[in-house]
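Chains, contacts and geometry: an overview
This is what each chain is made of:
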Amino acid sequence: DANVIFAKLDDDGSGDVQIKEFLSRLEYYDQREAEKIFQTIDVDKSGAVSLEEWCTAYATRPMLRMITDNGKSKEELMADANVIFAKLDDDGSGDVQIKEFLSRLEYYDQREAEKIFQTIDVDKSGAVSLEEWCTAYATRPMLRMITDNGKSKEELMADANVIFA
């Protein structure tokens with residue numbers, strides 16, 4: 001909800017979100033990009049984002065909802081990353097193999113998924129460690145979206161049935 005996220009962003013309770021408050025919630029995001037985003041939300045160019053400006057931007061820009069992680073803290077985001085890593089690590093080896101990663105992204109273009117895996121596997125070991133996963137998960141909002149928060153095919157189908165029931 002836009003109001004809840006706005007309240008979390010407004011650390012000092014002033015009723016406006018200052019650039020410093022906005023950037024603190026997007027610490028893993030490219031800071032120059034985050035500043036540009038802030039400037040586009042600050043329609044009246046006051047140097048602060050009002051609740052009205054925030055709600056308008058939040059409603060019309062899905063990417064904003066994604067990059068702010070619906071107001072999650074760094075700790076909550078890392079907890080999510082750990083849970084999803086455990087779901088991806090089917091064999092419990094402590095690393096995610098390409099096969100395990102691709103099995104969770106079966107509806108995603110497999111060549112693209114392989115490229116994504118290779119960028120996450122920073123040390124080029126052929127497997128993604130928990131550290132590599134957490135870094136990628138925190139810095140790439142798109143990764144959070146395409147992994148569907150670690151949901152299985154059955155969980156996704158159940159969600160779809162609820163949505164379209």
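Further up the page is the structure itself.
Right, let's walk through the structure included here. (Residues numbered from 1 in each chain as written. Predicted model: local features only at pLDDT ≥ 70, side-chain atom pairs only at ≥ 80, totals over all residues. Heavy atoms only, no water.)

Among the residues of helix H3 (residues 31–41), those classed as buried are Ala 34, Ile 37, Phe 38 and Ile 41. What you see down the axis of H3 is that its buried residues fit within an arc of 100°, all on one side. Check the buried side of H3 and you find it contacts strand S1 (16–18), helix H2 (19–25), strand S2 (48–50), helix H4 (51–60) and helix H5 (62–67). (Buried < 20%, exposed > 50% of the residue type's maximum accessible area, 1.4 Å probe, protein only. Helix = DSSP H or I, 4+ residues; strand = E, 2+ residues; numbered from the N terminus. Arc of directions from axis to C-beta. Contact = heavy atoms within 4.5 Å.)

With that settled, the discussion passes to the packing of helix H6 (residues 74–88) against helix H9 (residues 130–139). The contact between H6 and H9 brings their axes to 9 Å, and the two run at 125°. The orientation of H6 relative to H9 falls into the category oblique. As for the relative orientation of H6 and H9, their crossing is right-handed in sense. Where H6 abuts H9, its residues Leu 77, Met 78, Asp 80, Ala 81, Asn 82, Ile 84, Phe 85 and Leu 88 lie against Leu 130, Trp 133, Cys 134, Tyr 137 and Ala 138. Grouping the amino acids of the contact of H6 with H9 by side-chain chemistry returns eleven nonpolar, one polar and one charged. (Axes fitted to C-alpha atoms, helices over the stretch in contact; angles between N-to-C directions. Parallel < 35°, antiparallel > 145°, perpendicular 65-115°, else oblique. Left-handed = near helix turned anticlockwise from the far one by under 90°. Nonpolar A, V, L, I, M, F, W, Y, C, P; charged D, E, K, R; others polar.)

Another aspect to go through is the nonpolar core. Within the largest apolar cluster, 22 residues are counted, with the highest numbers of intra-cluster contacts made by Val 96, Phe 101, Ile 120, Trp 133 and Leu 143. Counting residues per element, the ones that place at least two in this core are H6, helix H7 (98–104), helix H8 (110–120), H9 and helix H10 (141–146). Among the elements that line this core, the one with the most residues is H6, at six residues. Leaving out residues up to four positions away in the same chain, Val 96 has contacts with Phe 85, Leu 88, Asp 89, Phe 101, Phe 117, Ala 127 and Val 128. Residues Val 17, Phe 38, Tyr 58 and Ile 67 belong to the second largest nonpolar core, which totals 19 residues. (Core = buried A, V, L, I, M, F, W, Y, C linked by side-chain atoms within 4.5 Å.)

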